[in-house]
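So you can see what is in the structure, the chains are spelled out below.
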Amino acid sequence: MAGFDVRGLYVHEVSLMQDTVIIAVKQAREAGAQRIHRVMMRVGALSGAVPETLEFAFEIVAKGTMAEGAVLEIEKVPVLCYCSACAEEFEPADLVCECTRCARPSVEIRRGRELQLTSLEVS
Ligand SMILES: [Zn+2]
């Protein structure tokens with residue numbers, strides 16, 4: 001058995017993946033499927049979830065469900081901010097949304113907070 005970190009962050013990912021697996025199983029059942037083979041998600045850089053930890057958490061929570069053994073595919077979504085002064089979207093250098101052109105801090109985050117199930121492969 002692999003060792004793991006039990007900090008709050010880890011608990012956060014487990015509860016996120018529990019919700020995701022519940023939704024995935026519900027959708028697969030509605031589609032008349034018996035098994036889930038692949039789960040695709042979009043995870044924003046600001047979502048507060050670490051993709052590697054999500055994968056690990058997924059394995060644990062999927063056990064005993066129709067998603068057991070499924071591949072979790074995570075599409076990482078970078079942060080995208082909008083600067084009203086430049087009227088441009090930009091990818092900040094770090095997690096602080098500071099315009100890469102005029103250096104003004106931006107309060108408008110257009111992308112990077114998502115944590116969503118995007119599609120499933122079932123049979
Ligand atoms: Zn700007």
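Going along each chain's sequence as written, the residues are numbered from 1 onward. Given that the model is predicted, a residue must reach a pLDDT of at least 70 before its local features are reported, and side-chain atom pairs must reach 80 or more before they are shown or counted; all residues, however, enter totals for whole chains, interfaces and linings. Excluded from the side-chain calculation are hydrogens and water; included are all heavy atoms of the structure.

Draft legend 1. Fine view of unusual backbone geometry. Backbone geometry at Ala87 places phi at a positive 55°, although glycine is not the residue there. Every helix listed is a DSSP run of H or I at least four residues long, and every strand listed is a run of E at least two residues long, numbered separately from the N terminus. Looking at the element boundaries, Ala87 is found in the loop between β3 (80-83) and β4 (88-90). Classification of residues uses two cut-offs on accessible area relative to the type maximum, computed with a 1.4 Å probe and protein chains only: under 20% is buried, over 50% is exposed, and between them is partly exposed. Classification of Ala87 as exposed rests on a relative accessible area of 52%. One non-glycine residue, Ala103, lies in positive phi territory at about 70°.

Draft legend 2. Structural detail: the sheet that holds strand β1 (residues 36-44). Ordered by their spatial adjacency, three strands build an open sheet running β2-β1-β6, and the pairing between neighbours is mixed. Two strands close off the open sheet at either side, each with one partner strand: β2 (71-77) and β6 (115-122). When strand polarity is set aside, the average angle formed by the axes of neighbouring strands in this sheet is 20°. We call two strands paired when DSSP finds no fewer than two bridges between them. Sheet topology note: the β1/β6 ladder contains seven bridges and is antiparallel. Bridge pairing in β6 links Ile36 to Val122. Throughout, an axis means a line fitted to C-alpha atoms (over the contacting stretch in the case of helices), and angles, computed between N-to-C directions, take values from 0 to 180 degrees.

Draft legend 3. Broad picture of the coordination of the zinc ion. Distances define the donors: N, O and S atoms within 2.8 Å of the metal qualify, as do those within 3.2 Å of Na, K or Ca. Water is excluded, so some sites may look unfinished. Only Cys83 (SG), Cys86 (SG), Cys99 (SG) and Cys102 (SG) from the protein reach the zinc ion as donors, at distances of 2.3 Å. Four donors are marked tetrahedral only if all angles between them lie between 85 and 135 degrees, whereas four are marked square planar and six octahedral if opposite donors are more than 155 degrees apart and the other angles lie between 65 and 115; the remainder are marked irregular. Seen from the zinc ion, its four donor atoms lie at angles of 106 to 113°, and the figure they make is tetrahedral. Sequence spacing of the donors to the zinc ion: C-x2-C-x12-C-x2-C. Here Cys99 lies in the loop between β4 and β5 (108-111) and Cys86 lies in the loop between β3 and β4, a separation of 13 residues in the sequence. Given a relative accessible area of 19%, Cys86 falls into the buried group.

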